[in-house]
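Commentary on secondary and tertiary structure
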Amino acid sequence: MADETEPTVGMTVYAEDGSELGSIRGFDEDGFYVTIRGGFAGMSIEHERAGHEFGEAELMWRCSDCGEMGDLDELPDTCPNCGAERENLYYWTED
């Protein structure tokens, strides 16, 4: 049995064939989000919003514990509102 490691933000994720998929960028109640690398297709915010009337989206971070949000350029080591660890912060798009 392979060694199991607790996933963390920034950890590299691999496909079953050993090819690199990308790195973990955040977590929520459904699992984790991966920033993909070249060669792998991904859905952009434009794909997700196709056919809907939305304003311009802004990419931010959000705390999965308390819902606090902030500028992605200033991703903190812990949530400034509740103190949750960085692993509990994930990418979020806000209209």
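Definitions and limits used
Residues numbered from 1 in each chain as written. Predicted model: local features only at pLDDT ≥ 70, side-chain atom pairs only at ≥ 80, totals over all residues. Heavy atoms only, no water. Core = buried A, V, L, I, M, F, W, Y, C linked by side-chain atoms within 4.5 Å. Buried < 20%, exposed > 50% of the residue type's maximum accessible area, 1.4 Å probe, protein only. Contact = heavy atoms within 4.5 Å. Pairing = 2+ DSSP bridges. Helix = DSSP H or I, 4+ residues; strand = E, 2+ residues; numbered from the N terminus. Axes fitted to C-alpha atoms, helices over the stretch in contact; angles between N-to-C directions. Disulfide = S-S within 2.5 Å. Phe/Tyr/Trp six-rings, centres within 6.5 Å; stacked < 30°, edge-to-face > 60°. Lys NZ or Arg CZ within 6 Å of the ring centre and 35° of its normal. Salt bridge = Lys/Arg side-chain N within 4 Å of Asp/Glu carboxyl O.

**With respect to the nonpolar core**
One finds Trp-61, Cys-63, Cys-79, Ala-84 and Leu-89 forming the largest nonpolar core, which totals five residues. If we ignore the near neighbours within four places in the chain, the residues touching Cys-63 are Glu-68, Cys-79, Cys-82, Ala-84, Asn-88, Leu-89 and Tyr-90.

**Quick look at the sheet that holds strand β6 (residues 89-94)**
The sheet built from three strands is open, its strands ordered β5-β4-β6 with antiparallel pairing. Two strands in the sheet have a free side with no partner beyond their single neighbour: β5 (69-71) and β6. Averaged over all neighbouring strand pairs, the angle between strand axes comes to 40°, with direction disregarded. The pairing of strand β4 (residues 58-63) with β5 spans three bridges and is antiparallel. Opposite Trp-61, over in β5, you have Gly-70 as the bridge partner.

**Concerning the pairing of β4**
One ladder, built from six bridges, connects β4 with β6; its direction is antiparallel. Bridging across to β6, Cys-63 finds its partner in Leu-89. Where β4 hands over to β5, the hairpin turn is made up of five residues, of which Gly-67 adopts a positive phi near 90°.

**Considering the state of the cysteines**
Taken as a whole and assessed by the stated rule, the structure comprises zero disulfides. Free cysteine Cys-66: the closest other cysteine sulfur is in Cys-79, separated by 3.6 Å. Residue classification places Cys-66 among the partly exposed residues on the basis of a relative accessible area of 36%.

**Structural notes on the packing of aromatic side chains**
Summed over the entire model, instances satisfying the criterion amount to one aromatic pair. With 6.1 Å between their ring centres and 75° between their planes, Tyr-90 and Trp-92 make a pair best called edge-to-face. The exposure class of Trp-92 is partly exposed, given its relative accessible area of 28%. In this structure, Arg-62 packs its charged tip against the face of Trp-92, placed 4.3 Å from the ring centre.

**So, the pattern of salt bridges**
Inspection of every chain in the model, using the stated rule, returns one salt bridge. Between Asp-77 and Arg-86 there is a salt bridge, with its nearest N and O atoms 3.3 Å apart. Overall, the relative accessible area of 57% leaves Asp-77 in the exposed class.

**Considering the environment of Thr-35**
Within the fold, Thr-35 resides in strand β3 (residues 31-36). Between the C-alpha atoms of Thr-35 and Ile-24, which are eleven residues apart in sequence, the distance is 6.3 Å. Those residues within four positions of Thr-35 in sequence are excluded, and the remaining contacts are Leu-21, Gly-22, Ser-23, Arg-25 and Tyr-91.

So, to be careful, I would describe these as geometric facts and stop short of saying anything about function.
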